[in-house]
Amino acid sequence: QVQLVESGGGSVQAGGSLRLSCAASGYTYSSYCMGWFRQAPGKKREGVAGIRSDGRTSYAESVKGRFTISQDNGKNTLYLQMNSLKPEDSAMYYCAADLKWCSWWLLLQESTYNYWGQGTQVTVSS
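Residues numbered from 1 in each chain as written. Predicted model: local features only at pLDDT ≥ 70, side-chain atom pairs only at ≥ 80, totals over all residues. Heavy atoms only, no water.

Further remarks concern the pattern of salt bridges. Applying the stated criterion across every chain, the model contains seven salt bridges. In this structure, the salt-bridge partner of D89 is R38, at a minimum N-O distance of 2.9 Å. Pair noted here: D89 is in the loop between β8 (77-82) and β9 (91-98) and R38 is in strand β4 (residues 33-39), with a separation of 51 residues, a long-range link. We note that D89, like R38, is buried. Note that K100 is salt-bridged to D98, the shortest N-O span being 3.1 Å. In the salt-bridge network here, residues are joined through shared partners; they are R38, E46, R66 and D89. (Salt bridge = Lys/Arg side-chain N within 4 Å of Asp/Glu carboxyl O. Helix = DSSP H or I, 4+ residues; strand = E, 2+ residues; numbered from the N terminus. Buried < 20%, exposed > 50% of the residue type's maximum accessible area, 1.4 Å probe, protein only.)

Let us now look at the pairing of strand β5 (residues 46-52). Most of β5 is tucked away: six of the seven residues are buried. Bridge count between β4 and β5: six bridges; the pairing is antiparallel. Directly across from F37, in β5, lies its bridge partner G47. Taking the residues that link successive antiparallel strands as the turn, the β4-β5 hairpin has six residues, and the phi of G42 there is positive, at about 80 degrees. The sheet contact formed by β5 and strand β6 (residues 57-59) spans three bridges and is antiparallel. Across the sheet, residue I51 finds its bridge partner in β6, namely T57. Hairpin connection, β5 to β6: the antiparallel pair is bridged by four residues, and G55 has positive phi, about 95 degrees. (Pairing = 2+ DSSP bridges.)

So, in structure tokens, the structure goes:
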């Protein structure tokens, strides 16, 4: 049973930083895709950043240059380093995984993923 558990959310002032973590368990696949999504109240869930098992990454235009996705395969953990945070980054952030190879241009699409975490809240105040 694949489980994804996010942590690291919180409240921060604009311009600050947070690092989200997603601890993955229940699988040992060598090919996979993982991503971070977010959903603000009243808005659709959107892809923020994605990474494939070969290291290929993809970012939403709104976070390029500010967010960095990375993985620690030894710890089965996915990270999202968020710098220069803005109030519009406030949302519930979700980790997602798909246990097979995926095309890199699909990394930010919800339909790519079969497994989801429960989310961690990020609030950025101005």
